[in-house]
Amino acid sequence: MRKSSYISKNVIRRLPRYLRKLDELIAEGVERISSGELGNQMGLTPSQIRQDFSCFGEFGQQGYGYNVAALREQIAGILGMNRNFSVILIGAGRIGQSLIGNFNFEHYGFRLLGAFEIRKELVGTKIAHVTIADAETQRDFIRENDVDIAILSINRDHAQAVADELIDCGIKAIWNFTDAEIDPGDSGVIVENIHFSDSLLALSYYLSGEV
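Residues numbered from 1 in each chain as written. Predicted model: local features only at pLDDT ≥ 70, side-chain atom pairs only at ≥ 80, totals over all residues. Heavy atoms only, no water.

### Re the pattern of salt bridges
Enumeration according to the criterion identifies 14 salt bridges in this entry. With a shortest N-O distance of 2.6 Å, Asp 134 and Lys 120 are connected by a salt bridge. With Asp 134 in strand S6 (residues 130–134) and Lys 120 in the loop between strand S4 (111–117) and strand S5 (126–127), this pair connects stretches of sequence that are 14 residues apart. In this structure, Arg 139 and Glu 165 form a salt bridge, with 3.9 Å as the shortest nitrogen-oxygen distance. Pair noted here: Arg 139 is in helix H6 (residues 138–145) and Glu 165 is in helix H7 (residues 159–169), with a separation of 26 residues, a long-range link. Overall, the relative accessible area of 27% leaves Glu 165 in the partly exposed class. (Salt bridge = Lys/Arg side-chain N within 4 Å of Asp/Glu carboxyl O. Helix = DSSP H or I, 4+ residues; strand = E, 2+ residues; numbered from the N terminus. Buried < 20%, exposed > 50% of the residue type's maximum accessible area, 1.4 Å probe, protein only.)

### Description of the side chain of Ser 153
In this structure, Ser 153 sits in the loop between strand S7 (149–152) and H7. Of the polar contacts made by the side chain of Ser 153, one reaches the backbone oxygen of Gly 91; its length is 2.6 Å. (Polar contact = N/O pair within 3.5 Å; in protein donor to acceptor, adjacent residues only side chain to side chain.)

### Topic: the packing of aromatic side chains
Here the distance between the centres and the angle between the planes together describe a pair of aromatic rings. If you walk through the whole model with that rule in mind, you get 10 aromatic pairs. For the pair Phe 177 and Phe 196, a centre-to-centre distance of 6.0 Å together with 40° between the ring planes defines the contact as tilted. Of this pair, Phe 177 sits in the loop between strand S8 (173–176) and strand S9 (190–193) while Phe 196 is found in helix H8 (residues 196–208), placing the two residues 19 residues apart along the sequence. Its relative accessible area of 10% is what places Phe 177 among the buried residues. Here a set of aromatic residues connected by ring pairs shows up, and it is made of Phe 103, Phe 105, Tyr 108, Trp 175, Phe 177 and Phe 196. (Phe/Tyr/Trp six-rings, centres within 6.5 Å; stacked < 30°, edge-to-face > 60°.)

### Quick word on unusual backbone geometry
Even without being glycine, Asp 146 reaches a positive phi, approximately 50°. Among the structural elements, Asp 146 can be located in the loop between H6 and S7. For Asp 146, a relative accessible area of 54% translates into the label exposed.

### Observations regarding the environment of Leu 89
Residue position: Leu 89 is located in strand S3 (residues 86–90). Between the alpha carbons of Leu 89 and Gly 114 there is a distance of 6.4 Å; along the sequence they are 25 residues apart. Aside from chain neighbours lying at most four places away, what touches Leu 89 is Gly 96, Leu 99, Ile 100, Leu 112, Gly 114, Ala 115, Phe 116, Ile 151 and Ser 153. (Contact = heavy atoms within 4.5 Å.)

### Examining helix H3 (residues 46–54)
If you check which residues of H3 are buried, you get Ile 49, Asp 52 and Phe 53. Along H3, the residues classed as buried sweep out an arc of 95° about the axis, all on the same side. (Arc of directions from axis to C-beta.)

### Let's talk about the nonpolar core
Counting 23 residues, the largest nonpolar core has Tyr 18, Phe 53 and Phe 56 as its most contacted members. Broken down by element, the residue count for this core peaks at six residues, all from helix H1 (residues 9–27). For Phe 53, the residues in contact, after removing those within four places along its chain, are Tyr 18, Leu 38, Phe 59, Tyr 66, Leu 71 and Ile 75. Residues Ile 88, Phe 116, Ile 167 and Cys 169 belong to the second largest nonpolar core, which totals 19 residues. (Core = buried A, V, L, I, M, F, W, Y, C linked by side-chain atoms within 4.5 Å.)

As structure tokens, this is what we get:
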């Protein structure tokens, strides 16, 4: 699948939305959809959808629309869901446990290989199919298993130090739930910082305009 040298972040952020909608359509038994109908259901214009998809090639056929299952597979390929990326989790507190127990990594093409925790009382406990390992073993595990992505759900005060260690071990990307901004320096490591407060404060902004 061709990728343009520059794709805007807005387009990239919309791709998972397309994927979710296409999964819904497949579950409903929809086989074909036009850009107009897809736009109506997603709150986007048909031209916006066609422009987004044109960044990666030609998907639909004029007068026919999109084959829903085929489009879903194309978008999944663009998002790397067929790459079988490996994942570990650092920090098995409440957020970490929730991710292990409730997030379907396999559905999105990821392999959750293990979870690590510094608190000894949690080491050896099992959540879903994952046994929590001692954080002291994570460095060797990363190097031995060529791990792609680390999920960070630890105390924010230690976030940068642990991230630096992960980067030194060869981690390629970090999904950061610590509520601290992680600086990967010039390592080339990709960091996705998740701040739960952002969405809530966005709601607060819009509500403030109503009162």
